[in-house]
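# Coordinates in review
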Amino acid sequence: MPTHGSMTKAGKVRKQTPKIEPKPKKRLPPRLRNRLKYERKILQAAQQASTR
């Protein structure tokens, strides 16, 4: 059974492709965003209620 190309050509295209730096992310991941939102809304409201 013949193969689809020799092992000497493996990875040829990927090595020739120029490296592009990733764009900086604009937002936090949803898990972190939701945690911060929870801390702002729920925990601060609980602290204010307990200090009254």
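All of the points below concern the structure found in this document. (Residues numbered from 1 in each chain as written. Predicted model: local features only at pLDDT ≥ 70, side-chain atom pairs only at ≥ 80, totals over all residues. Heavy atoms only, no water.)

### Quick word on the overall build of the chain
Where we set the bar: Put simply, DSSP H or I for four residues or longer makes a helix, DSSP E for two residues or longer makes a strand, and each gets a number counted from the N terminus. Taken over C-alpha atoms, the radius of gyration is set against a globule rule of 2.2 Å times the number of residues to the power 0.38. The buried label applies to any residue whose accessible area, calculated with a 1.4 Å probe on protein chains only, is under 20% of its type's maximum; exposed applies above 50%, and partly exposed to all values in between. Surface exposure here means Shrake-Rupley accessible area, sampled with a 1.4 Å probe, where a residue is shielded only by the protein chains that are shown.
Within the chain, the secondary structure is distributed over two helices and zero strands. For the chain, the C-alpha radius of gyration of 26 Å lies well beyond 10 Å, the compact-globule estimate for 52 residues. Considering only C-alpha atoms, the chain reaches an extent of 80 × 30 × 10 Å along its principal axes. Counting only residues that meet the buried cut, the chain has 0% of its 52 residues in that class. Entry remark: accessible area of the chain is about 6,100 Å², with carbon and sulfur atoms responsible for 58%.

### Details of the pattern of salt bridges
Counted only if it meets this: For salt bridges, the criterion is a side-chain nitrogen of Lys or Arg within 4 Å of an Asp or Glu carboxyl oxygen.
The final tally for this structure, using the stated rule, is one salt bridge. One salt bridge in this structure joins R35 and E39, with 3.6 Å as the shortest N-O distance. Of this pair, R35 and E39 both sit in helix α2 (residues 30-51), four residues apart, roughly one helical turn. By relative accessible area, which is 33% here, E39 ends up partly exposed.

### Quick word on a nonpolar patch on the surface
The test is simple: Each patch is built from residues lacking any salt bridge and having more than 30% relative accessible area; the joining distance is 9 Å for like charges and 5 Å for nonpolar side chains (Val, Leu, Ile, Met, Phe, Trp, Tyr).
A surface patch of nonpolar side chains, about 290 Å² in accessible area, is lined by Y38, I42 and L43. Positionally, I42 belongs in helix α2.

### Description of α2
Three- or four-residue spacings in an α-helix give side chains the same orientation, since the helix completes a turn every 3.6 residues. Our working definition: Residue count minus one, scaled by 1.5 Å, sets the expected span of a helix. One axis is fitted to the seven residues ending at the residue and one to the seven starting there. The bend at that residue is the angle between these axes.
Taking 1.5 Å as the rise per residue, α2 with 22 residues should run 32 Å; its terminal C-alpha atoms sit 31 Å apart, in good agreement. The principal kink in α2, of about 30°, is found at E39.

### Some thoughts on the environment of L32
Mapped onto the secondary structure, L32 falls in helix α2. Spatially, the C-alpha atom of L32 lies 21 Å from that of Q47, the residues being 15 residues apart in sequence.

### A few points about the environment of P24
Mapping P24 onto the fold places it in the loop between α1 (12-16) and α2. Along the backbone, P24 and K9 are 15 residues apart, and their C-alpha atoms lie at a distance of 34 Å.

Nothing here speaks to function; it is all geometry.
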